[in-house]
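Working through the structure, step by step
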Amino acid sequence: RYLSMAKNHLMCAGGMKVFVICVALCSLRCDLLVVPNAEAESELVYFTSFEQDADTSGWQGYGHGLSNEAPPNGGKRSLGVSGGCIWPHGLLALKPLTQDSRLIIRCVAKNLAIGGGVSLETPGDFRSSIHISVRETVWTAYESADTLFCSKGSRLNLIVGAGGFVWSAMLVDLIEIRRVL
């Protein structure tokens, strides 16, 4: 209601451009006030950008390899993931945690077919996991909606997959696992 009144007032003064600029500035300012600085509220546990062959060292699976396509500010390479029924397409067993942690995962990814995902799970307990579903066909930044609590000494698997009964493919880059403080 107030926005409508302001719009009418500015239009009477010939200020449609002013209205648009005011709304845009207000939106930016509100975002600056509302959106927390995730880096200040979390600590990096794991990161990779798949720039070198060594960045896939330790990865197991049947459907992953380096791609020469990467997102803006993502270097020159990413991880290509594709597959069907044979699972996992990509799995990295991580070192045990050094402290109790609530974790999130982030990545930048791109769907090339019917989608894929990035998961963090406790081996042997699929209920103890968090997941990102990759659906967008353009490079998109993703963050898990949930956190995963793991006690000190817990082992974790980072898993990437695309497809299942039906073949699919995706590209993923800039994978982060962060401890929420």
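Coordinates for the structure precede this section.
First, a word on scope: everything that follows refers to the structure included in this document. Keep in mind it's a predicted model, so treat the numbers as computed, not measured.

Conventions we followed
Residues numbered from 1 in each chain as written. Predicted model: local features only at pLDDT ≥ 70, side-chain atom pairs only at ≥ 80, totals over all residues. Heavy atoms only, no water. Core = buried A, V, L, I, M, F, W, Y, C linked by side-chain atoms within 4.5 Å. Buried < 20%, exposed > 50% of the residue type's maximum accessible area, 1.4 Å probe, protein only. Helix = DSSP H or I, 4+ residues; strand = E, 2+ residues; numbered from the N terminus. Contact = heavy atoms within 4.5 Å. Pairing = 2+ DSSP bridges.

**Concerning the nonpolar core**
In terms of nonpolar packing, the biggest core is built from 28 residues, with Val118, Leu120, Leu158, Val160 and Val172 touching the most fellow members. Listed by contribution, the elements that provide at least two residues to this core are β4 (78–83), β5 (90–94), β6 (101–111), β7 (116–122), β8 (125–134), β10 (148–150), β11 (156–161) and β12 (168–180). In this structure, Leu158 is in contact with Tyr46, Trp59, Gly90, Leu91, Leu92, Leu94, Val118, Ser119, Leu120, Ile175 and Ile177, ignoring residues within four places of it in sequence.

**Here's the deal with the pairing of β7**
Counting buried residues in β7 gives five out of seven residues, a clear majority hidden from the surface. Bridge analysis of β7 against β8 gives seven bridges, and the strand direction is antiparallel. Within the sheet, the bridge partner assigned to Thr122 lies in β8 and is Asp125. Examined bridge by bridge, β7 and β11 share five bridges and lie antiparallel to one another. By the bridge assignment, Glu121 is partnered in β11 with Asn157.

**Overview of the side chain of Ser128**
Along the polypeptide, Ser128 turns up in strand β8. Residue contacts for Ser128: discarding those within four places in its chain leaves Leu120, Glu121, Thr122 and Leu148.

**Concerning the sheet that holds β8**
Strands pair in a sheet through their backbones, by hydrogen bonds, and they do so in one of two ways: parallel or antiparallel. Judged by pairing direction, the sheet is antiparallel, and its five strands sit side by side in the order β2-β5-β11-β7-β8 without closing on themselves. With partners counted over all chains shown, the strands left at the sheet margins are β2 (59–60) and β8, one partner each. With two bridges joining them, β2 and β5 adopt antiparallel strand pairing. Looking across to β5, one finds that Trp59 is bridged to Leu92.

**A few points about the environment of Gly61**
Tracing the backbone shows Gly61 in the loop between β2 and β3 (64–67). Classification of Gly61 by relative accessible area gives partly exposed; the value is 34%. Here the alpha-carbon distance between Gly61 and Gly161, two residues 100 residues apart in the chain, equals 9.5 Å. If near-sequence neighbours (up to four positions away) are discounted, Gly61 is found in contact with Pro88, His89 and Gly90.

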